[in-house]
Amino acid sequence: NPQWGTHDHHKHGTLMAGLTTFGDLMQCLIKNQVIHVRHHLESVKILPPPPNCNVLELWGDITSQGISRAEIQKPQNKRIFCMAVTANDTRDRGRPTSWSGQLDQAISGAEDNKRRLVIVSSGNCIPENRGHYPDAQLTDSIHDPAQAWNALTVGAYTRLNKILDPMMTDYEPVAPEDGLSPFSTTSLCWENNTWPCKPDIVLEGGNLARTTSGFVTECDDLSLLSTYYKPHENQFFPFSMTSAAAAQAAWMAANIQAEYPEFWPETVRALMVHSAEWTDQMKSQFGGDGKKTDMKRLLRICGYGVPNLDKALYSASNSLTLIAQSELQPFDKKRDEEGKLKSDYRTKDMHLYELPWPKEVLLSLPDDTHVSMRI
């Protein structure tokens with residue numbers, strides 16, 4: 001709505017923009033890094049200034065309109081969409097809604113044959129429950145529309161566990177280093193084997209500080225650093241929660257897209273998930289004995305783990321990773337003698353690839369012996 005204006009009326013948009021453009025500015029300042037920005041930034045405002053609010057039933061259409069407006073402005077641009085706006089309640093528990101359904105449709109290109117990569121934050125744990133770590137995070141469901149099957153849903157973990165502020169000597173971090181962030185939500189409470197495992201990945205979302213009496217608060221030392229919407233007051237501002245994690249995921253996706261501009265949105269997403277790994281702390285926290293059921297539980301809490309940009313870029317160029325951008329329909333319904341569709345399925349399409357293995361490999365052993373091996 002043009003009457004909303006183009007300015008940031010809350011600061012959240014500018015905080016998102018800082019991480020999406022530059023990554024974590026704290027690390028850049030500590031290491032005195034030179035930042036090379038290889039991507040552009042666009043924004044679409046879908047939240048009106050207070051006290052106005054959108055009609056809940058129209059959120060799917062509003063999000064779809066936001067995507068369309070950006071594409072109409074410059075249709076030639078390649079884009080990664082990032083949204084850190086979610087519903088306040090968690091009543092859906094994995095079930096599709098009009099909002100998540102509209103998001104799935106836009107991502108798949110079902111209507112316009114244009115596939116998209118949309119990154120969505122998983123939503124934040126209820127503030128009054130965050131101190132009950134990690135039980136509250138395991139029972140607080142991922143928020144609508146982050147249950148969308150086709151969206152890349154981003155939860156939060158944290159490596160921040162050192163409080164240096166002399167005014168907070170009585171505080172200690174809530175979450176351990178490399179553990180699930182106290183802000184994150186999970187899909188552990190969803191009906192098993194029915195809805196997707198979310199989040200897909202986790203990235204730094206900050207930590208909380210707690211006193212021995214149980215009082216919990218945010219802390220600058222346990223937050224990331226981003227850009228402030230009033231630069232005449234502050235250049236930088238602390239930022240945390242799953243919004244910050246989603247913004248970093250968008251930064252990572254943009255860097256992959258810049259390196260490999262011919263890659264499909266699905267390929268960029270696949271590289272990010274493929275590069276993710278659980279930390280030892282995550283496996284210790286939620287992995288149990290490492291059995292299949294334990295791993296499924298871990299997957300519903302931490303997704304596939306923490307993605308690694310260097311690994312994603314390397315595996316796309318040098319490592320033994322097959323990237324095939326093609327389409328197939330793996331299954332089809334069977335038909336009876338009258339041609340009517342039956343309830344069971346049959347396999348349909350399959351792609352076979354001839355791997356470009358070398359025909360002969362020369363191996364050099366430590367004693368200068370050379371062995372020729374044919375493969």
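Our structure is the block above this text.
So, a few notes on the structure that sits alongside this text. (Residues numbered from 1 in each chain as written. Predicted model: local features only at pLDDT ≥ 70, side-chain atom pairs only at ≥ 80, totals over all residues. Heavy atoms only, no water.)

Working note: a packed helix pair is described by the angle between its axes plus the distance between those axes. Closest axis-to-axis distance for the helix 3 (residues 59-73)/helix 4 (residues 98-108) pair is 7 Å, and the angle between their directions is 30 degrees. Considering their axes alone, helix 3 and helix 4 lie roughly parallel with respect to each other. Touching W59, G60, D61, T63, S64 and I67 of helix 3 are S98, W99, Q102, L103 and A106, all from helix 4. Its residues assigned to classes, the contact of helix 3 with helix 4 shows 5 nonpolar, 5 polar and 1 charged. (Axes fitted to C-alpha atoms, helices over the stretch in contact; angles between N-to-C directions. Helix = DSSP H or I, 4+ residues; strand = E, 2+ residues; numbered from the N terminus. Parallel < 35°, antiparallel > 145°, perpendicular 65-115°, else oblique. Contact = heavy atoms within 4.5 Å. Nonpolar A, V, L, I, M, F, W, Y, C, P; charged D, E, K, R; others polar.)

What the 3 strands build is an open sheet, ordered 4-7-8; its pairing is antiparallel. The strands lining the two open edges of the sheet, one partner per strand, are strand 4 (172-173) and strand 8 (216-217). By the bridge criterion, 2 bridges tie strand 4 to strand 7 (residues 209-210) in an arrangement that is antiparallel. Across the sheet, residue P173 finds its bridge partner in strand 7, namely A209. (Pairing = 2+ DSSP bridges.)

Right, let's talk about the side chain of S141 for a bit. Mapped onto the elements, S141 comes out in the loop between helix 5 (135-139) and strand 3 (152-158). According to the relative accessible area criterion, S141 is buried, its value standing at 0%. Of the polar contacts made by the side chain of S141, one reaches the side chain of W190; its length is 2.7 Å. Apart from residues lying up to four places away in sequence, S141 is in contact with T90, R93, T185, T186, C189 and W190. (Buried < 20%, exposed > 50% of the residue type's maximum accessible area, 1.4 Å probe, protein only. Polar contact = N/O pair within 3.5 Å; in protein donor to acceptor, adjacent residues only side chain to side chain.)

This next bit is on the pairing of strand 11 (residues 331-335). Here strand 11 runs beside strand 12 (residues 341-347); their pairing, made up of 4 bridges, is antiparallel. Paired with K333 across the two strands is Y345, which belongs to strand 12.

What tends to happen in soluble globular proteins is that the nonpolar side chains get buried as a cluster. If you look at the biggest cluster of nonpolar residues, it comprises 40 residues, and the most contacted ones within it are I119, I201, I256 and M272. Those elements that provide at least two residues to this core are strand 3, strand 6 (201-204), helix 6 (241-259), helix 7 (265-274), helix 8 (280-286), helix 9 (292-302) and helix 10 (309-317). Top contributing element to this core by residue count: helix 6, with 8 residues. (Core = buried A, V, L, I, M, F, W, Y, C linked by side-chain atoms within 4.5 Å.)

With that out of the way, let us pick up helix 9. Within an α-helix, residues lying three or four positions from one another point in the same direction, as the helix has 3.6 residues per turn. Among all positions of helix 9, only D294, L298, L299, R300, I301 and C302 are buried. Buried residues along helix 9 sit in contact with helix 5, strand 5 (179-180), strand 6 and helix 8. G303 sits one or two positions beyond helix 9 and adopts a positive phi of about 60 degrees.

As far as function goes, none of this settles anything; it's purely spatial.
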